[in-house]
Amino acid sequence: MKKLLICLVGLYMIGVSCKHEQQDSDWIRKCIDVSEYQLTRMASQLAQTDSLPRSIRNGEVRLVAPRDWTSGFFPGSLWLAYELTGNDSLKFYARQYTRLLEELQYYKGTHDLGFMVFCSYGNALRLAPEQGDREIILNAAESLSSRFSEETGLIRSWDFGEWKYPVIIDNMMNLEMLFWAAQNGGNDRFREIAVKHADVTILNHFREDYSSYHVVSFDPETGEVESRGTFQGLSDSSSWARGQAWGLYGYTTCYRETRDQRYLDMAKAIANYIMTHPAIPEDKVPLWDYNDPRGLEAPRDASAAAITASALLELGTFVDDGKALFDYAEEILQTLATDEYLAQKGENGGFILKHSVGHLPANSEIDTPLNYADYYFLEAIKRYAQLKDIKI
Ligand code: GLY
């Protein structure tokens, strides 16, 4: 009788603890459920347009062509949502939207090819490969490499504007495709270019406190710095929130690909800068620029929060004291999962997250959904669920 009682109490305790675990991860399931609904609906509604959703402008979904720098994020989100749910409609649409980007493999007019091709074809190849995927990525790596110069040791970012040779901190995000290509049948040079770009960026883009300048321009003949400033931030000396997130994510990736301690040190220092910054609000979703004097009245940038969360979840696996990084990322995600940031099904123009900022100084995409906020949010949710061993 006593044994039976102990067994029953044991079973009850297991039941209670399972229920708690289930409740602990209910918010993750809700995020995935909303994402699956929004993405499937948006994909089917836009299927005939041959264009890709980027944000909301003047109350309408802003559609873009494949050469827009954000074109890879919508197909990429469809792939990530497919990975999280196993929903075959998402897989179907992911492939359909990915195919729109095929011509980009030969496009040499931007540094953003990593975003455009690796978020789309990179995920396609990983999750449901088709013949040609690998070659498309290798060709895109070749096109991206054509923008590298020995004199500067950097990949040129933009071809517009007055700068002689502009390089933006965002460009750190395009190196992952080069590392991948070098390891998967591409030229070894791709890896050398990625390493050189990351090294020269350490020397020139960062201030003493590990915040970064957005745009550094170089003399293309000598490689000397010509100017340091901003394009999308508040001022040349301010901390544009997404720029800090791109740097964090970029050096975390470089460490994963090289195991070079210097990159880990950079990623940790940038993480520390972000996590201890006095302007970061309690809910951990940063102001679009940390130095906006309006403080909490300034628009928030959910995209910077999502990129930061995803990067911290990976960085936390590389360091001994990873729990603080994990906890910070968890706080970000729990905020983004609230009604304040997460769309209601059928609303928010079909996007997943609300409240990001694209380019405030140009008065463009302020307090709007953005396709890259959604992409990095889904990636962070996936990483979180894997680390917590949550069964979806
Ligand atoms: N790469 C441009 C941006 O982050 O807005």
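Everything below is about the structure shown above.
Reading the values: rules and limits
Residues numbered from 1 in each chain as written. Predicted model: local features only at pLDDT ≥ 70, side-chain atom pairs only at ≥ 80, totals over all residues. Heavy atoms only, no water. Salt bridge = Lys/Arg side-chain N within 4 Å of Asp/Glu carboxyl O. Helix = DSSP H or I, 4+ residues; strand = E, 2+ residues; numbered from the N terminus. Buried < 20%, exposed > 50% of the residue type's maximum accessible area, 1.4 Å probe, protein only. Disulfide = S-S within 2.5 Å. Near = heavy atom within 4 Å. Polar contact = N/O pair within 3.5 Å; in protein donor to acceptor, adjacent residues only side chain to side chain. Areas by Shrake-Rupley, 256 points an atom, 1.4 Å probe, with all protein chains shown as cover. Nonpolar A, V, L, I, M, F, W, Y, C, P; charged D, E, K, R; others polar. Axes fitted to C-alpha atoms, helices over the stretch in contact; angles between N-to-C directions. Parallel < 35°, antiparallel > 145°, perpendicular 65-115°, else oblique. Left-handed = near helix turned anticlockwise from the far one by under 90°. Contact = heavy atoms within 4.5 Å.

S.K.: So what exactly am I meant to see when it comes to the pattern of salt bridges here?
M.R.: Applying the stated rule across the entire model yields 29 salt bridges. Close ionic contact of K164 with E226 constitutes a salt bridge, the shortest N to O distance being 3.9 Å. In this pair, K164 is assigned in the loop between β4 (154-155) and β5 (166-168) and E226 in strand β7 (residues 225-229), connecting sequence segments 62 residues apart. Using a relative accessible area of 44% as the deciding quantity, one classes K164 as partly exposed. Accessibility expressed as a relative area gives 36% for E226, which makes it partly exposed. Sharing partners across several salt bridges, the network here consists of E176, R256, E257, E314, E379 and R383.

S.K.: Looking at this model, I keep getting lost on the state of the cysteines. Mind explaining?
M.R.: By definition, a disulfide links the sulfur atoms of two cysteines through a covalent bond. Applying the stated rule across the entire model yields 0 disulfides. This cysteine, C31, is not joined by any disulfide, and C119 carries the nearest cysteine sulfur, 20 Å off. Residue classification places C31 among the buried residues on the basis of a relative accessible area of 1%. Counting only cysteine sulfurs, C119 is the nearest neighbor of C254, a cysteine outside any disulfide, at a range of 15 Å.

S.K.: Could you clarify how one ought to interpret the site of the ligand in this entry?
M.R.: Around the ligand, a shell composed of W69, D170, Q232, W240, R242, W246 and Y372 is seen. In this structure, D170 approaches the ligand through a side-chain N or O atom, which is 2.7 Å from a nitrogen atom. Here W246 contributes a side-chain N or O atom positioned 2.9 Å from an oxygen atom of the ligand. Considered on its own, the ligand offers 200 Å² of accessible surface; in the complex 94% of this is hidden by protein. Here the residues of the shell around the ligand are counted per class, giving 4 nonpolar, 1 polar and 2 charged.

S.K.: Teacher, can you tell me more about the packing of helix α3 (residues 73-85) against helix α4 (residues 88-99) here?
M.R.: When two helices pack together, their arrangement is captured by the angle between the axes and the distance separating the axes. At a minimum axis separation of 8 Å, α3 and α4 run at an interaxial angle of 155°. Taken together, the axis directions place α3 and α4 in an arrangement best described as roughly antiparallel. Pair α3 / α4 crosses with left-handed handedness. Of α4, the residues touching α3 (which contributes F74, P75, L78, W79, A81, Y82 and T85) are D88, L90, K91, Y93, A94, R95, Y97 and T98. Of the residues assigned to the contact of α3 with α4, the class counts are 10 nonpolar, 2 polar and 3 charged.

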